[in-house]
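Descriptive structure summary
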Amino acid sequence: MSTPHDAMWEKLNLDLDAHAGLLQVLGKFYGDIYMSQTGRLKGMEYLDFVLSEVHGLRIKELQDAKAQGKKVIGTFCVFVPEEIVLAADGVQVGLCAGAEAGKDAAEKVLPRNTCALIKSFVGFKLSRLCPFIESCDLVVGETTCDGKKKAYEIFADYAPVYVMEIPQMKNACDRELWRAEVLRFKDKVEEVTGKSIMAPRLREAIRLVNDRRKVLQRLNRLRAASPVPISGRDALLINQISFYDDPVRFTEKIGHLCDELEEQVNSGKGIVPKETPRLMLSGCPMAVPNWKLPYVIESSGAVIIGEESCIGTRNIRDLVDESGESLDDLLNAIVDRYMRIDCACFTPNMERMDNIVSMARDLKADGVIHYGLSFCQPYAIEAFKVEKALKAADIPMLSIETDYSMEDVEQLKTRVEAFVEMVR
Ligand code: BJ8
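Residues numbered from 1 in each chain as written. Predicted model: local features only at pLDDT ≥ 70, side-chain atom pairs only at ≥ 80, totals over all residues. Heavy atoms only, no water.

**Structural notes on the packing of helix 3 (residues 44-52) against helix 12 (residues 232-241)**
Between helix 3 and helix 12, the least distance of the axes is 11 Å, while the angle of their chain directions is 55°. Here helix 3 lies oblique to helix 12, going by the angle between them. As helix 3 packs across helix 12, the resulting crossing turns out to be left-handed. Facing M44, L47, V50 and L51 of helix 3, the residues of helix 12 in contact are D234, L237, I238 and I241. Tallied by class, the residues present in the contact of helix 3 with helix 12 amount to seven nonpolar, no polar and one charged. (Axes fitted to C-alpha atoms, helices over the stretch in contact; angles between N-to-C directions. Helix = DSSP H or I, 4+ residues; strand = E, 2+ residues; numbered from the N terminus. Parallel < 35°, antiparallel > 145°, perpendicular 65-115°, else oblique. Left-handed = near helix turned anticlockwise from the far one by under 90°. Contact = heavy atoms within 4.5 Å. Nonpolar A, V, L, I, M, F, W, Y, C, P; charged D, E, K, R; others polar.)

This is the structure:
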């Protein structure tokens with residue numbers, strides 16, 4: 001069936017048949033997981049619309065921006081400072097992919113035992129399925145885990161790739177390395193966009209990204225209420241869309257949604273009964289359309305009340321200091337804020353343990369489900385320390401490793417149901 005966006009997708013060199021198949025599967029999946037929920041907030045209609053047009057109207061907006069001379073910069077990691085891209089009048093989009101489509105193509109150039117997230121973005125590119133990747137003037141990788149680091153070498157044969165070096169420790173010399181990388185990135189962004197980054201624009205960009213973080217912080221605070229006012233699936237979707245949508249519009253829409261949520265909380269209304277077990281997710285990021293585990297959890301009699309992940313709290317916990325006068329002050333504030341990210345790629349990474357325990361307590365979680373993508377060593381190994389920290393705080397944890405396939409859904413359901421019964 002043809003759509004109004006076919007000509008645009010053809011121009012972007014997508015494989016139209018395979019892409020139509022992907023959209024069809026995605027639509028069905030979304031219907032089953034999202035539209036089957038009852039009592040959703042009115043504000044979620046905006047998110048439903050954005051998702052339905054994620055490859056359509058949003059891509060058209062990117063093409064329009066490009067026609068006006070703006071550059072589109074794609075990223076895979078929350079370490080890439082969006083403030084710098086926005087200050088150079090660019091548009092930043094998240095490229096992490098959460099679907100299996102393209103897996104066969106990816107496995108021709110990557111080992112099979114590579115994490116699903118990496119296979120997904122490589123597969124999307126090789127199979128010409130992602131209009132975001134095809135819209136990018138620059139794709140920014142980073143040296144976080146070994147899998148990603150080496151995959152970018154392969155990805156670079158197909159797209160304009162630039163890689164940022166991320167320190168693995170947090171000593172003074174690591175901060176220096178990171179500062180040098182932020183400055184090198186600024187130079188690269190200036191080269192690609194043809195714009196010089198000045199203090200006033202950078203301050204404005206810092207405020208804009210902070211405002212988006214603040215509205216998501218507000219959403220998280222509202223989720224601490226009992227009964228829980230919004231499903232974990234909907235909250236995850238909001239976080240996922242924050243990586244694609246126009247930041248100003250997104251912040252405004254989520255602000256309205258939070259107003260609605262606040263009314264629900266004040267009137268004691270919830271999406272589920274008060275006694276429903278409250279679970280927190282922790283671990284690897286869940287990129288669109290990776291909704292499998294949240295669906296399994298919320299159809300097993302529990303509700304998700306927070307995500308300790310990069311598509312969740314890790315991306316919004318810390319703000320950049322806006323008070324700097326000079327360009328140097330502002331860049332240093334960016335360096336310091338991003339150095340606080342507690343990704344499992346760091347060693348040691350004790351602040352993550354502290355953050356998980358305090359988040360679980362603040363949200364009054366009855367238990368934590370640690371989610372690791374199969375073959376992700378940083379998170380799989382760190383799961384043992386997370387369990388120990390939670391045990392000391394008397395919070396039960398279930399560790400799950402899975403990928404994007406649907407083969408293990410029944411098995412996951414059995415394990416999650418048993419855990420829900422245990423914490424109930
Ligand atoms: S800051 S979590 S977004 S690196 S799941 S590809 S770690 S093998 S995604 Fe991440 Fe940045 Fe860290 Fe966040 Fe590797 Fe693990 Fe795969 Fe991963």
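**Some thoughts on the site of the ligand**
Taken together, 15 residues lie near the ligand, and C115, C145, C310, C343 and C376 sit nearest. Of the residues contributing to the shell around the ligand, the split by class is 13 nonpolar, one polar and one charged. (Near = heavy atom within 4 Å.)

**Looking at the sheet that holds strand 8 (residues 397-402)**
One open sheet accounts for four strands, arranged 6-5-7-8; its pairing is parallel. For this open sheet the edge positions go to strand 6 (303-308) and strand 8, each flanked by a neighbour on one side alone. Going from strand to strand, the sheet's axes swing by 25° on average, the running direction of each strand aside. Relative to strand 8, strand 7 (residues 367-373) runs parallel, the two being bridged by six bridges. Directly across from H370, in strand 8, lies its bridge partner S399. In the packing of helix 16 (residues 350-362) onto the sheet, contacts are made with strand 5 (278-283), strand 6 and strand 7, and the angle to strand 5 comes to roughly 165°. (Pairing = 2+ DSSP bridges.)

**As for the pairing of strand 5**
With six of six residues buried, strand 5 lies mostly within the body of the structure. Residues R278, M280 and S282 point to one face of strand 5 and L279, L281 and G283 to the other, with burial holding for every one of them. In terms of strand pairing, strand 5 meets strand 6 through five bridges, oriented parallel. For M280, the partnering residue across the bridge sits in strand 6 and is G306. In this fold, strand 5 hands off to helix 14 (residues 292-298), which returns the chain to strand 6; that crossover is right-handed. (Buried < 20%, exposed > 50% of the residue type's maximum accessible area, 1.4 Å probe, protein only. Right-handed = clockwise from strand over helix to strand, strands pointing away.)

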